[in-house]
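Structure assessment
Here's the letter readout for the chains.
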Amino acid sequence: GAGVSQTPSNKVTEKGKYVELRCDPISGHTALYWYRQSLGQGPEFLIYFQGTGAADDSGLPNDRFFAVRPEGSVSTLKIQRTERGDSAVYLCASSQSGVNEQYFGPGTRLTVT
Amino acid sequence: AQSVSQHNHHVILSEAASLELGCNYSYGGTVNLFWYVQYPGQHLQLLLKYFSGDPLVKGIKGFEAEFIKSKFSFNLRKPSVQWSDTAEYFCAVMGYSGGGADGLTFGKGTHLIIQP
């Protein structure tokens, strides 16, 4: 596609439920990043993939958060036992390699009630 | 760990005024520097970037930024703003650790409002 796409655009879930957020990067981009943006804050780094492997997952806040990229293209961010504090916009970005500028998707707004 | 500080959280200017948004970062090694913009209802877009070379970089829509290594700064400037520049502006740093490039570290953003 022309840009990074993310689905769903909005997700409302109840506390304690499991959610999956999907990111489809720009074709040919080997690097993929997940960020989380809370209201009034800048995006906060979560995890970075180079190809299929997680090159850096130091930003994941706890073990309820997990991400995969099994074929080196689409990635899924998975959140178990959601909490109200997980409510935020989850952003995905991709780049041609880990050292080039990142192109961001529109984000998924997650609301945990 | 790296950090980014944006000094102005809210800026209100009139059209044709000059703009300078401050950005300072904290990181001991090699960095790449970025300014991203988020227009109302749109996603983050790259305004400009610094990787190496000339510390004065020019971006889209008449924006420029100057990297001053001794001050750990990367301030954004525009000589004459337009109403369409109303947006949220984020400074970001990408550092290089032993494992390669890190993710971006963003500042908290500056909400810029241009009054007609």
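Our structure is the block above this text.
We now turn to the structure provided with this report.

About the cut-offs
- Residues numbered from 1 in each chain as written.
- Chains lettered and ligands numbered in written order.
- Predicted model: local features only at pLDDT ≥ 70, side-chain atom pairs only at ≥ 80, totals over all residues.
- Heavy atoms only, no water.
- Pairing = 2+ DSSP bridges.
- Helix = DSSP H or I, 4+ residues; strand = E, 2+ residues; numbered from the N terminus.
- Axes fitted to C-alpha atoms, helices over the stretch in contact; angles between N-to-C directions.
- Buried < 20%, exposed > 50% of the residue type's maximum accessible area, 1.4 Å probe, protein only.
- Core = buried A, V, L, I, M, F, W, Y, C linked by side-chain atoms within 4.5 Å.
- Contact = heavy atoms within 4.5 Å.
- Disulfide = S-S within 2.5 Å.
- Salt bridge = Lys/Arg side-chain N within 4 Å of Asp/Glu carboxyl O.

**As for the sheet that holds strand S3 (residues 19–24) of chain A**
All names here are of chain A. Spatially, 4 strands are ordered S1-S3-S8-S7 in an open sheet, and the strand pairing comes out antiparallel. The two strands at the open ends of the sheet, each matched to only one other strand, are strand S1 (5–7) and strand S7 (65–68). If you compare each strand with its neighbour and ignore which way they point, the axes differ by 15° on average. Of the pairings in the sheet, the one linking S3 to strand S8 (residues 75–79) comprises 5 bridges and is antiparallel in character. Paired with leucine 21 across the two strands is leucine 77, which belongs to S8.

**Focus: the pairing of strand S5 (residues 31–38) of chain B**
Residue and element names in this part refer to chain B. Along S5, 7 of the 8 residues are buried, which leaves the element largely enclosed by surrounding structure. Bridge count for S5 against strand S6 (residues 45–50) is 5 bridges, and the pairing is antiparallel. In the strand pairing of S6, valine 37 is matched with glutamine 45. Between S5 and S6, which pair antiparallel in sequence order, lie 6 residues; one of them, glycine 41, sits at a positive phi of approximately 80°.

**Observations regarding the nonpolar core**
In this structure, B:Trp35, B:Leu48, B:Phe74, B:Leu76 and B:Tyr89 are the most contacted members of the largest nonpolar core, which totals 29 residues. Residues in contact with B:Phe74, not counting those within four places in the same chain, are B:Cys23, B:Leu33, B:Phe34, B:Trp35, B:Leu48, B:Lys49, B:Tyr50, B:Val57, B:Ala65, B:Glu66, B:Phe67 and B:Cys91. Core analysis: the next-biggest nonpolar cluster, separate from the first, contains 20 residues, A:Val19, A:Leu32, A:Phe65 and A:Leu110 among them.

**Let's talk about the state of the cysteines**
All names here are of chain A. Tallying each qualifying case throughout the model produces 2 disulfides over all chains. Disulfide partner of cysteine 23: cysteine 92, at an S-S distance of 1.8 Å. Where cysteine 23 bonds to cysteine 92 through sulfur, the torsion about that S-S bond is close to -65°, and the disulfide is left-handed. Of this pair, cysteine 23 sits in strand S3 while cysteine 92 sits in strand S9 (residues 88–95), and the two are 69 residues apart along the sequence.

**Some points on the pattern of salt bridges**
Summed over all chains, the structure comprises 9 salt bridges over all chains. A salt bridge links A:Asp24 to A:Arg22; its shortest N-O distance comes to 3.8 Å. The class of A:Arg22 is partly exposed, set by a relative accessible area of 40%. Measuring nitrogen to oxygen at the nearest pair gives 2.7 Å for the salt bridge that ties B:Lys49 to A:Glu101.

Remember, this is a structural readout, not a statement about activity or role.
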